[in-house]
Amino acid sequence: MDLFKPRVRPEAERVATLKRWVASALELPESTSVLVTELACSEPGCPPLETVIAVLTEHGASDRRQHTFHKALNDVTWADVAALASLWHPAK
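Engineer: Which parts of the structure should I look at to understand the overall build of the chain?
Structural biologist: Within the chain, the regular secondary structure consists of 2 helices and 3 strands. Partitioning the intrachain contacts of the chain with sequence separation of at least 6 by distance along the chain shows that 37% fall at a separation of at least 24. Of the roughly 6300 Å² of accessible surface on the chain, 55% is carried by carbon and sulfur atoms.

Engineer: What's the story with the side chain of Asp80 in this structure? I'm lost.
Structural biologist: With respect to the secondary-structure elements, Asp80 resides in helix H2 (residues 78-88). The exposure class assigned to Asp80 is buried, which follows from its relative accessible area of 17%.

Engineer: I'm lost on the nonpolar core in this one. Help?
Structural biologist: The nonpolar side chains of a soluble globular protein tend to be buried with one another. Leu18, Val22, Leu26, Val36, Ile53 and Val81 are the most contacted members of the largest nonpolar core, which has 16 residues in total. Of all elements in the fold, only helix H1 (12-25), strand S1 (33-40), strand S2 (49-57) and H2 reach the threshold of two or more residues within this core. Sequence-distant contacts of Val81, defined by excluding residues within four places in its chain, comprise Leu18, Trp21, Val22, Ala25, Phe69 and Val76.

Engineer: Even after reading the chapter, I still don't get the packing of aromatic side chains, so can you show me in this structure?
Structural biologist: We describe a pair of aromatic rings using the distance from one ring centre to the other and the angle between the two ring planes. According to the stated counting rule, one finds 1 aromatic pair in the structure shown. On the basis of an interplanar angle of 80 degrees and a centroid distance of 6.1 Å, the ring pair of Trp21 and Trp78 is categorised as edge-to-face. Taken together, the residues Trp21 in helix H1 and Trp78 in helix H2 connect sequence positions 57 residues apart. The exposure class of Trp78 is partly exposed, given its relative accessible area of 40%.

Engineer: Looking at this model, I keep getting lost on the side chain of Glu50. Mind explaining?
Structural biologist: Tracing the sequence through the fold places Glu50 in strand S2. We classify Glu50 as buried; its relative accessible area is 13%. Engagement of the side chain of Glu50 in a polar contact is seen with the side chain of His70, the distance being 3.2 Å. Those residues in contact with Glu50 that lie beyond four places of it in its chain are Thr37, Glu38, Leu39, Cys41, Thr68, Phe69, His70 and Lys71.

Engineer: How do you make sense of the state of the cysteines when you look at a structure like this?
Structural biologist: In a disulfide, the sulfur atoms of two cysteines are covalently bonded to one another. Applying the stated rule across the entire model yields 1 disulfide. A sulfur-sulfur distance of 1.9 Å marks the disulfide that ties Cys41 to Cys46. Disulfide Cys41-Cys46: torsion about the S-S bond near 125 degrees, hence right-handed. Looking at Cys41, the relative accessible area reads 12%, which means it is buried. Cys46 gets classed as partly exposed once you look at its relative accessible area, which sits at 21%.

Rules used throughout
Residues numbered from 1 in each chain as written. Predicted model: local features only at pLDDT ≥ 70, side-chain atom pairs only at ≥ 80, totals over all residues. Heavy atoms only, no water. Helix = DSSP H or I, 4+ residues; strand = E, 2+ residues; numbered from the N terminus. Contact = heavy atoms within 4.5 Å. Areas by Shrake-Rupley, 256 points an atom, 1.4 Å probe, with all protein chains shown as cover. Buried < 20%, exposed > 50% of the residue type's maximum accessible area, 1.4 Å probe, protein only. Core = buried A, V, L, I, M, F, W, Y, C linked by side-chain atoms within 4.5 Å. Phe/Tyr/Trp six-rings, centres within 6.5 Å; stacked < 30°, edge-to-face > 60°. Polar contact = N/O pair within 3.5 Å; in protein donor to acceptor, adjacent residues only side chain to side chain. Disulfide = S-S within 2.5 Å.

In structure tokens, the structure reads:
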């Protein structure tokens, strides 16, 4: 993998869509921040791109949750996000 090769940044609208999906699926209050980042992975056996979703509440770092999807941001689906919600809130 060429770490110095310019890469295409995800579209802002796609990032915003994923943030809305996460907020909806997890039933988050507006005071909660959702961060969505696409990262290049250069470790052996790792997919070339990963999408990291972090949820930060008003309680700060002590109440932070994070999940990595081993796929590009544009490949993350509503079903992926819904599955994440069932992992984080199994009783629902």
